[in-house]
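Single-letter residue listing:
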Amino acid sequence: MTPLPSVTPCDFHGTPALRLTTGDGASAVVSLLGGQLLSWVPPGEKEQLFVSERAVFDGSKPIRGGVPVCFPQFADLGGLPKHGLLRTRRWEVSDQSQHNGCTLVSLVCGDDAASRTLWPHAFRAELTVAIEGERLDLELSLTNPGEAPFAFTGALHTYLKVAEVEEVSLEGLYGLDYLDKLKDAAPTRETAPSLVVEREVDRIYYDCARPLLLRDEQHTLGINTEGFSDVVVWNPWEGAEARFPDLAAKDFRRFLCVEAAVARQPVTVAPGEEWWGRQTVVVLS
Ligand SMILES: O=P(O)(O)OC[C@H]1O[C@@H](O)[C@H](O)[C@@H](O)[C@@H]1O
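Note that the structure is predicted; figures quoted are calculated from it, not measured. (Residues numbered from 1 in each chain as written. Predicted model: local features only at pLDDT ≥ 70, side-chain atom pairs only at ≥ 80, totals over all residues. Heavy atoms only, no water.)

Visitor: How would you sum up the UniProt feature "active site" (unreviewed entry) in the chain? Please name residues and give values.
Guide: Under the UniProt annotation, the feature "active site" (unreviewed entry) is placed at H157 and E259. The greatest C-alpha distance among the residues just named is 4.6 Å, despite their covering 103 residues of sequence, which places them together in space. As for the annotated residues named above, the ones lining the largest pocket are H157 and E259. Relative to the helices and strands, H157 is located in the loop between β10 (150-156) and β11 (159-161). (UniProt positions renumbered as here; feature names shortened; annotations may be inferred. 1 Å grid on protein atoms, 1.4 Å probe; cavity = no way out; pocket = protein on both sides within 12 Å on 5 of 7 lines; lining within 4 Å. Helix = DSSP H or I, 4+ residues; strand = E, 2+ residues; numbered from the N terminus.)

Visitor: I'd love a proper account of the side chain of T128, names of residues and values included.
Guide: Positionally, T128 belongs in strand β8 (residues 124-132). Under the relative-accessibility criterion, T128 is labelled buried at 13%. A distance of 2.7 Å separates polar atoms of two side chains, one belonging to T128 and the other to S106. If sequence neighbours within four positions are ignored, T128 has contacts with L104, V105, S106, D137, L138 and E139. (Buried < 20%, exposed > 50% of the residue type's maximum accessible area, 1.4 Å probe, protein only. Polar contact = N/O pair within 3.5 Å; in protein donor to acceptor, adjacent residues only side chain to side chain. Contact = heavy atoms within 4.5 Å.)

Visitor: Mind laying out the layout of surface pockets, listing which residues take part and the relevant values?
Guide: Taking a probe equal in size to a water molecule and rolling it over the atoms shows the remaining empty space. Its boundaries defined by the atoms lining it, the largest pocket holds a volume of some 370 Å³. Of the residues belonging to the lining of the largest pocket, the class tally is 10 nonpolar, 3 polar and 11 charged. Taken as a whole, the second largest pocket encloses approximately 280 Å³ of empty space. Lining of the second largest pocket is provided by 15 residues; of these, L195, V196, R199, V201 and R203 occupy positions nearest its centre. A per-class count over the lining of the second largest pocket returns 6 nonpolar, 1 polar and 8 charged. (Points joined across faces, edges and corners; volume = space filled by probe spheres on them. Nonpolar A, V, L, I, M, F, W, Y, C, P; charged D, E, K, R; others polar.)

Visitor: How would you sum up the pattern of salt bridges? Please name residues and give values.
Guide: Per the counting criterion, the structure on display carries 18 salt bridges. Between R89 and D112 there is a salt bridge, and its shortest N-O distance comes to 3.4 Å. Pair noted here: R89 is in the loop between β5 (69-70) and β6 (92-99) and D112 is in the loop between β7 (102-110) and α1 (113-118), with a separation of 23 residues, a long-range link. Note on R89: relative accessible area 18%, which makes it buried. Classification of D112 as partly exposed rests on a relative accessible area of 26%. Among the ionic contacts, a cluster of salt bridges with common partners joins E164, E166, R253 and R254. (Salt bridge = Lys/Arg side-chain N within 4 Å of Asp/Glu carboxyl O.)

And the structure:
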């Protein structure tokens, strides 16, 4: 029987979430905690997102996996908590619809007294998750309803699930300048035709305007971004469980983070203005 497209409330490891389905059998789950996509299964495919079995879902720390939304600070590029303020915040549903084979839901999160004590700005963050056939779109809009400009860095911190991280390759980064966060050094140029993960990787690739291809033995994903200037590639490698207690020992093998990011150059949003960015992931084969 053909499933009906829908957006329905559900419970994901005890956290309130929404389950999206399309008529052709795609599904996704997005958590209200963090506005975080936690599952994406295209029609006839396996789960595409990694979520750690040790992930914590009670809001005491960010959920390890899926697509955390990092704003207004990427990683430790400033004095705010790592990756900003939104990962443990409760988001609200602002829109949902199903039409022409696409199911989407939008979630919003704004400033409050707690956020303003850390970061004295009014903001409205809206994440739209849309699934259609083999395609996932994540759109992030950041509006400044306040009276002073704000500057931000951030990311859609996408944990792509892989069968074995050492056997995947990421193509499309050749020739780009990148900052290797593991070295105290100036940016360098990528000279490898594809990135293969054989050790810890934590890199910010600058000005990445082209599609990337993530290939493993079973399938190929196309990854495209708009609005986000940079791409971050992260895998914590062996021993990660000592630094990240919400990862199990072998989990580093099961994911590669390919993040749509604003990291090199903060973006300024003037009062009344909006910034917008998108990450699209498509199963190509
Ligand atoms: O443990 P967190 O806060 O989710 O961050 C995970 C990683 O996120 C990546 O985006 C950063 O480049 C890494 O430096 C960081 O360690």
